[in-house]
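# Survey of secondary and tertiary structure
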Amino acid sequence: MDAIPESLESSVPVPSVQELALQRSQEVPQRYIRDEFFCTSPSHPSLRVPLIDMANLLNAHTQQQELQKLHLACKHWGVFQIVNHGVSNASLQNMRNQVQRFFELPFQEKKRWAQKPGSLEGYGQAFVTSEDQKLDWNDMIFLKSLPIQNRKLDLWPQNPPEFRETLERYSEEIREAAIAIVKFISLALGLQDSQISEGFQEGLYNIRMNCYPPCPEPERVLGIVPHADNSGITLLVDCGDFPGLQFLKDGKWVNVEPIEGAIVANIGQIIEVMSNGIYKAPEHRAVVNKFKERLSIVTFCYPSPLMDIGPAEKLIGEGNLPAYKNLTHAEYFSNFFNRNLDESFIDSLKI
């Protein structure tokens, strides 16, 4: 029997969902059944995730109006889609192609880059801590990309042959987009200094590539269970043309309809803390499809490890009390990885 991990920084090995899907069984194994979630409740048709145009944020004539849109998106949704973000169409398409080609490889070939004991990095699944835990209907490969010294290249696939080079180029472009987005989020909060966005210049960028295979009973499983992200911001690229990502808005699950060339950006718990709760990290989940596989590329963007995580000084005082603790980067991650999965991480950060 495999050892049980002592913290969430590693995961128990579990079967490949892609391999399960290839068996074309009409029933889903019991460990994946989550009837309590009502997994395919229809998305509320009147609700649409806000759309932000970076070109309008960069244009002096339209900046204030777009900043107000960004503020309302962050305050009331915690998520938005963004276009003209600076990541080239070529980089997006190349990255999509490489991820698709990786997941098309035979299982034994993908296993060359499988997670090692004590680590979440590599090919497998995340946050599986026991032999009887319910499982998500996905396979993933998780890689630390920036800074360069964080890379474990033995876990970076060499097949397909252009995978590493494509991921390197994509990582640089997505970092520049993240810095720009965080700069404008800071401005939307009324923070004129660039300290927060500069923190993302030397930040950590971890990339999770997900495969959600077709499922014979999509209404009984989840691709990823409802959760909020522990990042500063998260940037997601959908590889398909049909929705699978959902955000919780006013008690209703809302589909994120893929827009060609757009990136989905959501607030993470670090920005929630730094904004003193003005912006909240939203709960979201992934649902799956009976007939179609869905792929996504998710970049978790964190500020520099030298930056403390606490409410911005300009947002507290004059009657505004801090709602969250001030923690070092190390304390923040220690709290995250050493909690119980059923405990609310964000509540543990509140004063």
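Residues numbered from 1 in each chain as written. Predicted model: local features only at pLDDT ≥ 70, side-chain atom pairs only at ≥ 80, totals over all residues. Heavy atoms only, no water.

## Remarks on the overall build of the protein
- Helix and strand counts for the protein stand at 10 helices and 12 strands.
- On C-alpha atoms alone, the protein measures out to a radius of gyration of 20 Å, which is about the 20 Å that the 2.2 N^0.38 rule sets for 351 residues.
- By principal-axis analysis of the C-alpha atoms, the protein measures approximately 60 × 40 × 40 Å.
- In the protein, which comprises 351 residues, the proportion classed as buried is 55%.
- For the protein, contacts bridging at least 24 residues in sequence account for 78% of all contacts bridging at least 6.
- Approximately 16,100 Å² of the protein is accessible, and the part contributed by carbon and sulfur atoms is 50%.
- Computed over 33 positive and 44 negative side-chain charges, the separation of the two mean positions in the protein equals 3 Å. (Helix = DSSP H or I, 4+ residues; strand = E, 2+ residues; numbered from the N terminus. Rg over C-alpha atoms; globule rule 2.2 N^0.38 Å. Buried < 20%, exposed > 50% of the residue type's maximum accessible area, 1.4 Å probe, protein only. Contact = heavy atoms within 4.5 Å. Areas by Shrake-Rupley, 256 points an atom, 1.4 Å probe, with all protein chains shown as cover. Lys, Arg positive; Asp, Glu negative; His and termini not counted. Charge placed at Lys NZ, Arg CZ, Asp CG, Glu CD.)

## Let's talk about the environment of Pro226
- One can find Pro226 in strand β6 (residues 224–227).
- Dropping the residues within four chain positions of it, Pro226 is found in contact with Phe37, Trp253, Glu283, His284 and Arg285.

## Remarks on the sheet that holds strand β5 (residues 204–212)
- Sheet architecture is open: eight strands sit in the order β1-β2-β10-β7-β12-β5-β4-β3, paired in mixed fashion. The outermost strands of the open sheet, each flanked by one partner alone, are β1 (51–53) and β3 (122–124). Strand-to-strand twist of the sheet, defined as the mean angle between neighbouring strand axes without regard to direction, takes the value 25°.
- Alignment of β3 against strand β4 (residues 139–146), held across three bridges, turns out to be antiparallel. For Gly124, the partnering residue across the bridge sits in β4 and is Met140. (Pairing = 2+ DSSP bridges. Axes fitted to C-alpha atoms, helices over the stretch in contact; angles between N-to-C directions.)

## Focus on the side chain of Asp238
- Following the sequence through the fold, Asp238 ends up in strand β7 (residues 233–238).
- What makes Asp238 buried here is its relative accessible area of 10%.
- Here the side chain of Asp238 touches Arg294 through a polar contact of 2.9 Å, side chain to side chain.
- Once you skip the residues sitting within four places of it in the chain, Asp238 turns out to touch Arg96, Pro258, Arg294, Leu295 and Ser296. (Polar contact = N/O pair within 3.5 Å; in protein donor to acceptor, adjacent residues only side chain to side chain.)

## Remarks on the environment of Gln192
- Positionally, Gln192 belongs in the loop between α6 (163–188) and α7 (195–201).
- Gln192 sits in the exposed class, given a relative accessible area of 63%.
- Residues Gln192 and Leu306, spaced 114 residues apart in sequence, show a C-alpha to C-alpha distance of 21 Å.

## Considering the state of the cysteines
- A complete count under the given rule lists zero disulfides for this structure.
- Lacking any disulfide linkage, Cys239 is separated from the closest cysteine sulfur, that of Cys211, by 9.9 Å.
- Here Cys301 stays free of any disulfide, with the sulfur of Cys74 as its closest cysteine sulfur at 14 Å.
- A relative accessible area of 0% places Cys301 in the buried class. (Disulfide = S-S within 2.5 Å.)

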